[in-house]
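# Understanding the architecture of this molecule
Residue-level listing of the chains:
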Amino acid sequence: MEKEIYRRPAAGTHPANLSEAYKSTPGRAPRRPAVALPHTLSEITGPLLAEERLDALENDLTRQRMGPPLGERILVHGRVLDEDGKPVPKALVEIWQCNAAGRYHHPGDQHDAPLDPNFYGGGRARADEEGRYHFITIKPGAYPWKNHYNAWRPAHIHFSLFGPSFATRLITQMYFPNDPLLPFDPIYNSVPDGARHRLQAAFDLDSTRPEWALAYRFDIVLRGRNATPME
Amino acid sequence: MSKGLTPSQTIGPFYVGTLVKAYRQDLAPPNVAGEHVEIVLSLHDADGMVVPDGVFEIWQANSHGRYNHPDDRRNLPLDPGFEGFGRASTWLDGSSQFSTIKPGRVPWPQGGLQAPHINVSIFARGLLNRVATRLYFEGDPANAEDPVLKMIEPARRSTLLAQRDANGTWRLPIHLGGPQETVFFDC
Ligand SMILES: [Fe+3]
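Residues numbered from 1 in each chain as written. Chains lettered and ligands numbered in written order. Predicted model: local features only at pLDDT ≥ 70, side-chain atom pairs only at ≥ 80, totals over all residues. Heavy atoms only, no water.

## Examining the overall build of chain B
To keep it simple, the criterion reads: Secondary structure elements follow DSSP: runs of H or I of four or more residues count as helices, runs of E of two or more count as strands, with numbering from the N terminus. As a reference, a globule follows 2.2 Å times the number of residues to the power 0.38, and the radius of gyration itself is taken over C-alpha atoms. Only protein chains enter the calculation, and the probe is 1.4 Å; a residue is then buried if its accessible area is under 20% of its type maximum, exposed if over 50%, and partly exposed in between. Contacts between residues were defined by any pair of non-hydrogen atoms, one from each residue, lying within 4.5 Å. Each accessible area is a Shrake-Rupley estimate made with a 1.4 Å probe; only the visible protein chains count as cover when residues are assessed. In this tally, Asp and Glu contribute negative charge and Lys and Arg positive charge; neither His nor the terminal groups of the chain are included. Think of each charge as sitting on NZ of Lys, CZ of Arg, CG of Asp or CD of Glu.
Tallying secondary structure elements over chain B gives 2 helices and 9 strands in all. Seen in sequence order, chain B has helices and strands lined up from the N terminus as β-β-β-β-β-β-α-α-β-β-β. Computed over the C-alpha atoms, the radius of gyration of chain B is 17 Å, within 12% of the 16 Å expected from 2.2 N^0.38 for a compact globule of 187 residues. When its C-alpha atoms are laid out on the principal axes, chain B stretches across 40 × 40 × 40 Å. When each of the 187 residues of chain B is scored for burial, the buried share is 60%. Sequence-distant contacts, at least 24 apart, represent 66% of the contacts inside chain B between residues at least 6 apart. Within the structure as shown, chain B displays about 7,200 Å² of accessible surface, and the carbon and sulfur contribution to it stands at 55%. Each charge class in chain B was averaged separately, 17 positive and 20 negative side chains, and the resulting centres sit 6 Å apart.

This is the structure in structure tokens:
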């Protein structure tokens, strides 16, 4: 039997599909166990989107409109790594978020908070050879979401990564350290206890720009490969 | 020096339009080799209701069975202009359409070939993890010897088989739950 190329996630890493406190899961979470696939070319290849051209300002969400958005300007940066700590070079990182008032630029968002015509909320960055990526944005607000009485999402930025293969695809959310809403959020708390802190960015004083913006560091760790080479 | 794998979270309801330049539904310009096909995927919840706020991603080999990726090192042609990746949000009726080519066969690690298939990822509000499945083409003679289809109990294999409608479009409904729950893969 050949050894698998990518390591299976350790138990206690990802949320259970069915997390009752998050009320959208019972109607949508698959109930039957997923069938384990051996890693074939279909799983170890994946879109690298290497040809994708990024415009110069795509990673600066404060300069995509006519003027600067309202809110607290922040820097969000980090590295895309695998489980061995090796960088995932040239990774495409996509983010989306609400504005400083807690409102998405999206027709489905009916929250009674102002839209900001200068904030769209989507960005992309290409990591460098060391896996480092950078965004300039504004700190997203908390927003109510009707999951339960007085439910508010903690401030968060959505992140989407492909990694080197179909098997490494990941969509996640970055939270801010010590947000008082975290203990009450069913989506954050769907992640097992020992792993959920990985979704909190670190306040990064060394990377702040004096007189300009505070900084947060969020490293993203994708699945690593087993030691045996594939040849 | 690992910090441990980053856990998955839902894509949430509000990505449409904010996922910048996300969508690619026409994968194959006319000059790409192979049989050009139209594919409609639709997404349904456990109660059979359509899911109008989901995202499909597809990943596939070209008509020669070659993936556009450095880990596919076989000496088979790559088609310029064909990457093999598509992404679309679901429409109000829960469906997404892709124009692509029918993929060729790719090898199975223990020998032999897999039947033509397209790898599918599904994201939506209420899905805390990406769910993955495969689309096969009903009536393809290679299906009978496909090692993945053979792993699945016969009664559920049809959940992976797209059917061709009167217009020639391949359609595959994907059921997240309920009696017709699609076979999903841990990949
Ligand atoms: Fe959100």
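## Thoughts on the layout of surface pockets
Our working definition: Here a cavity means grid points, on a 1 Å grid over the protein atoms only, where a 1.4 Å probe fits yet cannot get out; a pocket means an open set of points with protein on both sides within 12 Å along at least five of seven lines; lining residues are those with an atom within 4 Å of a point. Grid points are joined across faces, edges and corners, and a volume is the space filled by probe spheres set on the points. Any residue that is not Ala, Val, Leu, Ile, Met, Phe, Trp, Tyr, Cys, Pro, Asp, Glu, Lys or Arg is counted as polar, Gly included; the first ten are nonpolar and the last four charged.
Considering only enclosed or pocket space, the largest pocket measures out at about 670 Å³ in volume. Of the residues contributing to the lining of the largest pocket, the split by class is 20 nonpolar, 8 polar and 7 charged.

## Let's talk about the UniProt feature "domain: Intradiol ring-cleavage dioxygenases" (unreviewed entry) in chain A
The line we're drawing: UniProt positions are given in the numbering used here, feature names are shortened, and annotations may be inferred rather than shown by experiment.
The positions that UniProt labels "domain: Intradiol ring-cleavage dioxygenases" (unreviewed entry) are, in the present scheme, residues 76-104 of chain A. The span residues 76-104 of chain A carries 0% helix and 41% strand; its end-to-end C-alpha distance comes to 19 Å.

## Some remarks on the environment of Asp-186 of chain B
With respect to the element layout, Asp-186 of chain B can be found in strand S9 (residues 185-186). Along the chain, Asp-186 of chain B and Arg-130 of chain B lie 56 residues apart, while their C-alpha atoms are 9.9 Å from each other. Discounting residues that sit within four places of it in the chain, Asp-186 of chain B has contacts with Arg-8, Ala-34, Val-35, Ala-36 and Leu-37 of chain A.

## Notes on the packing of aromatic side chains
Defined as follows: When two rings of Phe, Tyr or Trp (its six-membered ring) have centres within 6.5 Å they constitute a pair, described as stacked for plane angles under 30 degrees, edge-to-face for angles over 60, and tilted for the intermediate range. Here, a charge over a ring is recorded when the distance from Lys NZ or Arg CZ to the ring centre is within 6 Å and its angle to the ring normal is within 35 degrees.
What the rule picks out here adds up to 14 aromatic pairs over all chains. When the ring of Trp-59 of chain B is compared with that of Tyr-67 of chain B, the centres are 5.6 Å apart and the planes differ by 20°; the resulting orientation is stacked. An identical accessibility class is assigned to Trp-59 of chain B and Tyr-67 of chain B; each is buried. Among the aromatic residues, ring-to-ring pairing joins Tyr-133, Phe-135, Phe-159 and Phe-218 of chain A into one connected group. Above the face of the Phe-166 of chain A ring, Arg-130 of chain B is positioned so that its terminal group lies 4.6 Å from the ring centre.

## Quick word on the interface of chain B and chain A
To be explicit about the condition: By buried area we mean how much accessible surface two parts lose on assembly, using a 1.4 Å probe and totalling the loss over both. Within this document, salt bridges are pairs made up of a side-chain nitrogen of Lys or Arg and a carboxyl oxygen of Asp or Glu, the two lying within 4 Å of each other. Counted as a polar contact is a pair of N or O atoms within 3.5 Å, where, for protein atoms, one must be capable of donating a hydrogen and the other of accepting one, and residues adjacent in sequence contribute only when both atoms are in side chains. Paired strands are those between which DSSP finds at least two bridges.
The interface is formed by 72 residues belonging to chain B together with 84 residues belonging to chain A. Across the chain B/chain A interface, buried area totals approximately 6,700 Å², and carbon plus sulfur atoms make up 57% of it. A per-residue breakdown of the area chain B buries against chain A is headed by Leu-5, Gln-9 and Phe-14 of chain B, which together make up 13% of the total. Residue Asp-186 of chain B is joined to Arg-8 of chain A by a salt bridge in which the shortest nitrogen-to-oxygen separation is 3.4 Å. On inspection of chain B and its partner chain A, the count reaches 34 residue pairs in polar contact (both at pLDDT 80 or more). Contributions of two or more residues to the side of chain B that touches chain A are made by strand S2 (54-59), strand S3 (85-89), strand S5 (117-124), strand S6 (131-137), helix H1 (147-151) and S9 of chain B. When residues in the side of chain B that touches chain A are grouped by element, the largest group, 6 residues, is from S5 of chain B. Class assignment for the residues of the side of chain B that touches chain A results in 36 nonpolar, 17 polar and 19 charged. Direction of pairing for strand S1 (residues 35-36) of chain A relative to S9 of chain B: parallel, over a ladder of 2 bridges. Along S9 of chain B, the bridge assignment pairs Val-35 of chain A with Phe-185 of chain B.

## Regarding the coordination of the iron ion
Residue and element names in this part refer to chain A. Just so we agree on the cut-off: Here the term donor refers to an N, O or S atom within 2.8 Å of the metal (or 3.2 Å for Na, K and Ca), and because water is left out of the atoms, sites may appear incomplete. Irregular is the label for any site that misses the other tests, which are tetrahedral for four donors with all angles between 85 and 135 degrees, and square planar for four donors or octahedral for six when opposite donors exceed 155 degrees and the remaining angles lie between 65 and 115.
In the first shell of the iron ion, the protein supplies Tyr-104 (OH), Tyr-143 (OH), His-156 (NE2) and His-158 (NE2), at 2.0 to 2.3 Å from the metal. Around the iron ion, the 4 donor atoms are arranged such that angles at the metal cover 89 to 162°; this shape is classified as irregular. Expressed as a motif, the donor residue spacing for the iron ion is Y-x38-Y-x12-H-x1-H. Taken together, the residues span a long stretch of sequence, with Tyr-104 in the loop between strand S3 (92-96) and strand S4 (122-126) and His-158 in strand S8 (residues 156-161) at a distance of 54 residues.

## What about empty space enclosed by the protein?
In this structure the tally under the stated criterion is 2 cavities of 30 Å³ or more. Computed from the structure, the largest cavity encloses a volume of approximately 70 Å³. Residue lining of the largest cavity: Pro-47, Phe-162, Ser-165, Phe-166 and Arg-169 of chain A together with Glu-57, Ile-58, Trp-59, Phe-85, Ser-121 and Arg-130 of chain B, and that is the complete set. Grouping the constituent residues of the lining of the largest cavity by class yields 6 nonpolar, 2 polar and 3 charged.

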